Amino acid sequence: MKQFVLFFLTLLTAFISCKKTGTNPCEGLLNETQPTQIIVKFINKQTKETLLVDAAKIKITDKRSGNLIAGWSVYNRASESMLNGAISIPVFSESAGVYQYNMQLGDIGTAILSYQIDRKETDNPCRPFSYPVNDVKIVNQPFDYLEQNGKPNPRILVVSL
């Protein structure tokens, strides 16, 4: 009988301590989504042919600070022929504002990428705010948005140099 009472008290103690601690649904959550990708494809303004630029000759800097931007990449995949040669820039959007980057393509030319990040409240207790990327454009060169399935994609720009 003593063993039964001792076992019952041990279970009761464990149940009460588990009840008190509870769990935090946000514990261990690092990030819910991947960063937004802005893709810029460059074409020759006369021939409309894709400009394939050596990544070593591309320099992307923050227009305001002049600091080099890291983390961008160039699509060099034949399977993605529509985007082959395009530059992909990840946007880690955690603060509202307007951002501009100088994109220098060796001696071919420069394009200034601009986008805006807004701060919006959400109903998610783990992530009370979202930071959508809007108004993606090139401010110093003619550009279009790449059309996919008859609709322009606001994250893929085609720039004529």
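Details of the structure are given in the entry above.
Residues numbered from 1 in each chain as written. Predicted model: local features only at pLDDT ≥ 70, side-chain atom pairs only at ≥ 80, totals over all residues. Heavy atoms only, no water.

**Q** Can you break down the environment of Ile-156 residue by residue, with the values?
**A** Summarising the element assignment, Ile-156 is placed in strand β11 (residues 151–160). By relative accessible area, which is 5% here, Ile-156 ends up buried. For the pair Ile-156 and Lys-137, spaced 19 residues apart in sequence, the C-alpha separation works out to 9.4 Å. When neighbours within four sequence positions are excluded, Ile-156 is seen to be in contact with Ile-39, Leu-83, Asp-144, Tyr-145, Leu-146 and Gln-148. (Helix = DSSP H or I, 4+ residues; strand = E, 2+ residues; numbered from the N terminus. Buried < 20%, exposed > 50% of the residue type's maximum accessible area, 1.4 Å probe, protein only. Contact = heavy atoms within 4.5 Å.)

**Q** So, the environment of Lys-41: which residues are in play, and what are the values?
**A** By secondary structure assignment, the location of Lys-41 is in strand β1 (residues 36–43). Relative accessible area serves as the criterion here: at 11%, Lys-41 is assigned to the buried category. Distance in space between the C-alpha atoms of Lys-41 and Leu-51 is 7.9 Å, their sequence separation being 10 residues. Ignoring any residue separated from it by four or fewer positions in sequence, one finds Lys-41 in contact with Thr-50, Met-82, Ala-86, Leu-157, Val-158 and Val-159. Within the structure, Lys-41 has its side chain in polar contact with the backbone oxygen of Met-82 (distance 2.7 Å). (Polar contact = N/O pair within 3.5 Å; in protein donor to acceptor, adjacent residues only side chain to side chain.)

**Q** Just give me the short version of the packing of aromatic side chains, but keep the residues and values in it.
**A** In this structure the tally under the stated criterion is 3 aromatic pairs. Note on Tyr-99 and Tyr-115: the rings are 5.5 Å apart at their centroids and 20° apart in plane angle, and the pair reads as stacked. In this pair, Tyr-99 is assigned in strand β5 (residues 97–105) and Tyr-115 in strand β6 (residues 109–117), connecting sequence segments 16 residues apart. Geometrically, the ring pair formed by Tyr-101 and Tyr-115 is edge-to-face, given 5.8 Å between the ring centres and 75° between the ring planes. On the criterion of sequence distance, the pair formed by Tyr-101 in strand β5 and Tyr-115 in strand β6 is long-range, its members being 14 residues apart. Under the relative-accessibility criterion, Tyr-101 is labelled buried at 9%. Tyr-115 sits in the buried class, given a relative accessible area of 3%. Three or more aromatic residues link up through ring pairs in this structure, and these residues are Tyr-99, Tyr-101 and Tyr-115. (Phe/Tyr/Trp six-rings, centres within 6.5 Å; stacked < 30°, edge-to-face > 60°.)

**Q** An account of the sheet that holds β5 is needed here, citing residue identities and associated values.
**A** Ordered by their spatial adjacency, 4 strands build an open sheet running β2-β5-β6-β9, and the pairing between neighbours is antiparallel. Only two strands of the sheet have a single neighbouring strand rather than two, namely β2 (58–62) and β9 (133–138). Each adjacent strand pair in this sheet contributes to an overall mean axis angle of 20°, direction not counted. Of the pairings in the sheet, the one linking β5 to β6 comprises 9 bridges and is antiparallel in character. Note that in β6 the partner of Met-103 across the bridge is Ala-111. (Pairing = 2+ DSSP bridges. Axes fitted to C-alpha atoms, helices over the stretch in contact; angles between N-to-C directions.)

**Q** Break down the side chain of Ser-114 for me, citing the residues and quoting the values.
**A** Note on placement: Ser-114 falls in strand β6. Contacts of Ser-114, omitting those with residues within four sequence positions, involve Val-98, Tyr-99, Gln-100, Asp-135, Val-136, Lys-137 and Val-139.

**Q** Help me get a handle on the nonpolar core, residues and values and all.
**A** Ranked by internal contacts, the top residues of the largest apolar core, which has 26 residues, are Ile-38, Phe-42, Ile-60, Ile-87, Met-103, Leu-113 and Tyr-115. Taken together, the elements giving at least two residues each to this core come down to β1, β2, β4 (87–91), β5, β6, β9 and β11. No other element matches β6, which puts 4 residues into this core. In contact with Ile-38, other than residues within four places in its own chain, are Ile-87, Ser-88, Ile-89, Val-91, Leu-113, Tyr-115, Val-133, Val-136, Arg-155 and Leu-157. Core analysis: the second largest hydrophobic core is formed by 8 residues, Ile-39, Tyr-75, Ile-156 and Val-158 among them. (Core = buried A, V, L, I, M, F, W, Y, C linked by side-chain atoms within 4.5 Å.)

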